[in-house]
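Here is how the chains run, residue by residue.
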Amino acid sequence: MLLISLFAGCGSAPEDGPRIFRYRLAADPPEIDPIHTTDTSSATIIFRIFEGLVDLDPVSLEVVPSLAERWEISGDGLTYTFYLKKDVTFHNGREVTSADFRYSFERCLTPKNISERSWVLAPIKGADDMLSGDADTLSGLETPDDYTVILTLEQPFAPFLSYICMEAASAVAHESVGTDGFTPIGTGPYKFMSWQHDIRVSLEAYADYHGGIAEIERVDYEVIPDVGVAYQKFLAGELDLVNEIPPGQLKLITERLPDAVKIWPFLRNEYIGFNHTRPPFKDNLKLRQALSWAVDRDRIVEDLYEGAATPANSVLPPGMKERDDTINEYGFDLEKAKQLLAEAGYPGGEGLPELSLWYNNNEMHQQNVQFVQSTFKKIGVNIRLKSLDWPAYLNACENHEPDMYRLGWVADIPDADNFLYILLNSAQIGSAGNYSGYSNPEFDRLTNEARISTDPDRRIELYRKADRLATEDACWIHIMYSTQRILFNPEYDGLVLPAQGDFRIPIEWLHYKGSVK
Amino acid sequence: MTEYILKRLLMVIPILLGVATIIFMLMFLVPGDPARLLMGQHGDEKVLENIRREMGLDKPIYIQYVKYIGKLAKGDLGTSYRQKRPVTQIIRERFPATAKLAVASMILSIIIGITAGIIAAVNRNKFWDLLVMVLSLSGISMPVFWLGMMLILIFASGLGWLPVGGYGRSGDLRHILLPALSLSAVFIGYIARMMRSSMLEVIGKDYIRTARAKGLSERAVIVNHALRNAFIPVITIIGINFASLLGGAVATETVFAWPGLGRATVDAIRVRDLPVVEGCVIFLAFIFVMVNLLVDISYAWIDPRIRLNGRQDI
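Residues numbered from 1 in each chain as written. Chains lettered and ligands numbered in written order. Predicted model: local features only at pLDDT ≥ 70, side-chain atom pairs only at ≥ 80, totals over all residues.

A. Geometry of unusual backbone geometry. Residues and elements named next belong to chain A. Residue P280 is bonded to the preceding P279 through a cis peptide linkage, with omega at 5°. On the secondary structure map, P280 appears in the loop between β14 (261-274) and α8 (285-293). One non-glycine residue, I114, lies in positive phi territory at about 45°. Here I114 lies in the loop between α3 (98-109) and α4 (127-131). Classification of I114 as buried rests on a count of 20 C-beta atoms within 10 Å. (Helix = DSSP H or I, 4+ residues; strand = E, 2+ residues; numbered from the N terminus. Buried ≥ 20, exposed ≤ 12 C-beta atoms within 10 Å, placed from the backbone.)

This is how it looks when you write it as structure tokens:
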């Protein structure tokens, strides 16, 4: 009977059993454990099951209360005191207390648990000692009573509150860890029901949720790797949300399903990085600027992304409060590019060795770099394209092998630190995030200060300066800011469009139109 | 016979050891750091160090190899880097889906392929022969990915008879039909062509002429005398294809969202989840060896002149 109702089309309510919201995932989540979550498939599910002390409002991106109802930050920015909500229960019915945060944080930092995201808690005092195996407990965490959690930081760290909105800082019930592995038990609006690997993950609304029970009783996350097939399933009423739109078909699909297509900007940029560690780009600002002027961003956005993106003019995408809209350093002007190329010492491209531009295998990326290659040719700059699969590509970028490389970055948190410090501060050169090898002492000073400053206005000012500086310096070629594109069953409302991407969509806010509440 | 089978079974050990060594070396040589890949784009150094240490990836390669082979000897395929679960568990979960699909498409291939091949051979150079030859060639040439999508568009999206991909609750008949059909197209083509040429060869033999001369009906000649002998080369093709299907069919599994081994293997390669890649390949090698053994045994059953003495005269 369940099977029949699954395929009966989205319009009809099932005769028996709960209404199921069917959400497409492109891949099976590697795990449903907050301390290991690094991919969006897992995050989509984790954020429904687990919650932390604080959370990000999906739209405004402000830090809002979650399991902590309020918090205080000491004047020196070192001590964070969180006051927990009372009568909040895990999905097994046990009340959440401060001890659960000690357990969850220490679990994340215990070396043998191999958390990929233990850096989220690294700013807390004693975290490094735990991770290196020198301590068994987290010295920077105190629990004076059942409802108070005090975190002390090693040094002031401005993005800390946003950091602990990430998955790894969630409250995990110790009962999750059993002899037969990990069973997700959290406090979120949905509780874990079942997981058939590579098929689906099912969640059901948690009746005692502290925010009130969700109206959608059940969510099935269906693993459908091919987006074309996911689209067909959506048309057949077998899916309610497809978190992607088949490339090249946006206009067609929008015409066919105007109510179902949702497009919104999210915190992601895309760029072509220069290799600052060796010639010809090292210490040759004019050359980097020349190439920055030789990219027709408007046409890339229009022709390749069907208008569903924004040409980029700085590091920070729209939606970031630290973004400075007045930064507009480079347009598309081949004459200007030629002139700068001559000033750089390579008139008409003469004397310039053939440069390499690398990208990871993907049809869109390939079209993107081929387009760039063709306009560079017009100013006399010849580049050779090279594509690799992601693991090999990442390796090459970290070792500064390419002259130029294509990359994008999705913000972990809506804090400019996550773009500017992580990707461009010279302390981050190598695997930590700065693959270009960009190094500018003034930029480092600005981003270092912003990291520890406790004054929000001062931080914004510092990041605006830093972004302008890096852009004037032509750290990369800014290409575009991406949009998130989804198909959503218009029979549901209450959808909000999270600036971090679809994985943050609060399913618990949705309701079925016309259904009796 | 028993001695032969035992010998063949013993051969499995060096074969698997060889496969394990080759795949271990290959994965080591391919660029990409498995520990680093677990972390996404933000590769914090301290965290990375911990992952390498805890997973034993900081050890020299020969120590990793010895440890790996040592575990393998005990039947332990290791733990997935990414899923943090035993590889045997991952294979056990995916194999039923793969086996179902393999069996379903083999049944389709054998029934349709052999029938078509016989029809073509009996009607040599006539209309039916030509039709079978053209269709089988199309079956072989059509990319599985494309064919799968077409089947979905026609039978699922268009006519609404079947679901658009997916496994349903347990890979039932409604869900398996389209993936099995798209997967079997190639094999139907191969089997039909092989059956036809094998039949034609047999029909030309002296003993068939004798049978006809005895006054047997054409039907009796084909069914009792020609078929059995014509089967031998076809069985080889079926065996090899079946074995490779049991290792998973990536394209079909991807299009139809079928939770099989092929997808699991390719996904693991994409993220350099070495234990999973190694485990799946070793498992596939094992299946290959076993199916080949079964094929060889079935020769003896079909053609009593063949005696399995472990010689190369079969």
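B. Here's a closer look at the sheet that holds strand β4 (residues 68-73) of chain A. All names here are of chain A. Taken in spatial order, the 4 strands line up as β4-β5-β7-β6 in an open sheet, and their pairing is antiparallel. The open sheet is flanked by β4 and β6 (141-142), the only strands paired with a single partner. Bridge count for strand β5 (residues 79-84) against strand β7 (residues 148-152) is 5 bridges, and the pairing is antiparallel. What sits directly across from F82, in β7, is V149. Sitting on the sheet, α3 touches β5, β6 and β7, and the angle it makes with β7 is about 40°. (Pairing = 2+ DSSP bridges. Contact = placed C-beta atoms within 7 Å. Axes fitted to C-alpha atoms, helices over the stretch in contact; angles between N-to-C directions.)

C. Structural view of the packing of helix α7 (residues 144-158) of chain B against helix α8 (residues 173-203) of chain B. All names here are of chain B. As a packed pair, α7 and α8 sit with axes 9 Å apart at the nearest point and diverge in direction by 145°. The interaxial crossing formed by α7 with α8 has right-handed handedness. Taken together, the residues of α8 that come into contact with α7 (itself represented by V144, L147, G148, L151, I152, F155 and A156) are L178, L181, S182, L183 and A185. (Left-handed = near helix turned anticlockwise from the far one by under 90°.)

D. Seen up close, the nonpolar core. All names here are of chain B. In terms of nonpolar packing, the biggest core is built from 229 residues, with I191 and C280 touching the most fellow members. A total of 16 residues in this core trace back to one element, the largest contributor, which is α8. Once you skip the residues sitting within four places of it in the chain, I191 turns out to touch S109, I110, G113, I114, G117, V234, I237 and I238. (Core = buried A, V, L, I, M, F, W, Y, C linked by C-beta atoms within 7 Å.)

E. Here's a closer look at helix α2 (residues 40-49) of chain A. Within α2 of chain A, 9 of the 10 residues are buried, which leaves it mostly tucked inside the rest of the structure. For α2 of chain A, the elements touching its buried residues are β1 (20-25), β10 (190-196), β11 (200-205) and β12 (218-223) of chain A.

F. How the structure looks around the environment of V496 of chain A. Residues and elements named next belong to chain A. Examined against the element boundaries, V496 turns out to sit in the loop between β20 (492-493) and β21 (511-512). The class for V496 is partly exposed, based on 14 C-beta atoms found within 10 Å. Along the backbone, V496 and P58 are 438 residues apart, and their C-alpha atoms lie at a distance of 7.7 Å. Beyond its immediate sequence surroundings of up to four residues, V496 is in contact with P58, V59, I505, P506 and W509.

G. Just the interface of chain A and chain B, in detail. Each partner contributes to the interface: chain A provides 41 residues, whereas chain B provides 46 residues. Mapped by element, the contributors of at least two residues to the side of chain A that touches chain B are α4, β12, α6 (227-235) and α12 (390-398) of chain A.

H. Layout of the environment of G331 of chain A. Relative to the elements of secondary structure, G331 of chain A occurs in the loop between β15 (309-311) and α10 (334-343). Taking the C-alpha atoms as reference points, G331 of chain A and A312 of chain A, 19 residues apart in sequence, are found 9.9 Å from one another.

I. Seen up close, the confidence of the model for chain A. Chain-level pLDDT for chain A is 90 on average; 96% of the residues reach the 70-or-more range. In the model, residues 1-14 of chain A has pLDDT below 50 throughout and makes 18 contacts with residues more than four positions away in sequence or in other chains. (pLDDT = per-residue confidence, 0-100.)

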